[in-house]
Amino acid sequence: MPIVYSFFKVLTASDTSTHGGFSVLPRHANECFPALDMNQQIPVQELIAEDLHGREWRFRHIFRGQPRRHLLTTGWSTFVTSKRLVAGDSFVFLRTSQFIVGLNKYLEAVNKCFGVSMRFKMRFEEKVSPRRSYTGTVVGVEDLSSQWENSKWRSLRVQWDEAASIPRPERVSPWEIEPMTLLFGVDLRNPSNAR
């Protein structure tokens with residue numbers, strides 16, 4: 001099980017002001033954000049985050065001020081306005097976003113009834129091409145963990161069709177893959193001839 005780095009904060013009036021930024025505790029910034037280059041006079045970087053709806057947000061992460069502190073600046077006001085955030089709202093940031101699954105995505109996956117020998121495809125980010133799909137076959141359906149026997153959160157053991165330059169898992173979750181529908185022995189000009 002991967003280690004999940006996250007932090008939770010109840011937003012302050014300063015955090016939700018359109019003139020300021022979002023202040024992050026040093027330990028949270030160190031655990032959840034990529035390391036800043038502290039050799040820069042004012043260490044700064046761009047962060048790209050994704051919300052539960054799959055929308056991408058870009059923030060400027062800067063380490064400045066007296067005393068110096070971690071802030072999300074550029075992009076934060078747009079996020080606050082778009083989400084209609086106010087002081088008292090809660091904000092959760094996770095470094096491993098695949099740990100959270102949207103409800104609709106989960107329900108859709110549960111209703112697909114994955115089984116052994118089912119064909120699927122799964123998309124991966126690659127350096128050569130932005131997104132590429134690989135195909136494979138489900139070779140086993142198991143409990144996600146021995147701690148949660150007979151849970152609806154299933155783990156699928158998979159076998160990939162071809163070699164790849166990127167690492168691919170031997171176990172995936174149903175919501176990470178897309179089933180492939182194959183029609184065997186069907187004359188598409190006359191569907192009643194299906195064998």
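Each value, and the rule that gives it
Residues numbered from 1 in each chain as written. Predicted model: local features only at pLDDT ≥ 70, side-chain atom pairs only at ≥ 80, totals over all residues. Heavy atoms only, no water. Pairing = 2+ DSSP bridges. Helix = DSSP H or I, 4+ residues; strand = E, 2+ residues; numbered from the N terminus. Salt bridge = Lys/Arg side-chain N within 4 Å of Asp/Glu carboxyl O. Buried < 20%, exposed > 50% of the residue type's maximum accessible area, 1.4 Å probe, protein only. Patch = residues over 30% accessible without salt bridge, like charges linked within 9 Å, V, L, I, M, F, W, Y side chains within 5 Å. Areas by Shrake-Rupley, 256 points an atom, 1.4 Å probe, with all protein chains shown as cover.

Caption draft 1: Local environment of the pairing of strand E9 (residues 154-160). The sheet contact formed by strand E8 (residues 131-143) and E9 spans seven bridges and is antiparallel. Note on E9: the bridge partner recorded for threonine 137 is glutamine 159. Two strands pair when backbone bridges link them, and E9 and strand E10 (residues 171-172) are joined in this way by two bridges, in the antiparallel orientation. Bridging from a neighbouring strand, leucine 156 pairs with valine 172 of E10.

Caption draft 2: Just the pairing of strand E5 (residues 69-72), in detail. Bridge count for strand E2 (residues 22-24) against E5 is three bridges, and the pairing is antiparallel. Paired with serine 23 across the two strands is leucine 71, which belongs to E5. As defined by bridge partners, strand E4 (residues 56-64) adjoins E5 across four bridges and the pair is classed as antiparallel. Bridge pairing in E5 links histidine 61 to leucine 72. Hairpin connection, E4 to E5: the antiparallel pair is bridged by four residues, and glycine 65 has positive phi, about 95 degrees.

Caption draft 3: Highlighting the pattern of salt bridges. Throughout the structure, instances matching the rule amount to nine salt bridges. A salt bridge links glutamate 46 to arginine 58, with the nearest nitrogen and oxygen atoms 3.3 Å apart. In this pair, glutamate 46 is assigned in strand E3 (residues 44-50) and arginine 58 in strand E4, connecting sequence segments 12 residues apart. Judged by relative accessible area, which is 52%, glutamate 46 ranks as exposed. The closest approach of N and O atoms between glutamate 178 and lysine 121, which form a salt bridge, is 4.0 Å. Of this pair, glutamate 178 sits in strand E11 (residues 178-179) while lysine 121 sits in strand E7 (residues 119-125); the two residues are 57 residues apart in sequence, bridging distant segments of the chain. The exposure class assigned to glutamate 178 is partly exposed, which follows from its relative accessible area of 39%. The partly exposed category is assigned to lysine 121, whose relative accessible area is 32%.

Caption draft 4: Expanded view of the sheet that holds E10. As summarised here, the arrangement of the five strands in space is E10-E9-E8-E7-E11, forming an open sheet in which the pairing is antiparallel. If you trace the sheet from one side to the other, it starts and ends with E10 and E11, each paired once. Note: E7 against E11, two bridges, orientation antiparallel. Bridge pairing links phenylalanine 120 to proline 179 in E11.

Caption draft 5: Focus on a nonpolar patch on the surface. Taken together, the side chains of Phe8, Val10 and Val92 make up a nonpolar region of the molecular surface, amounting to roughly 290 Å² of accessible area. Along the chain, the position of valine 10 falls in strand E1 (residues 6-10).

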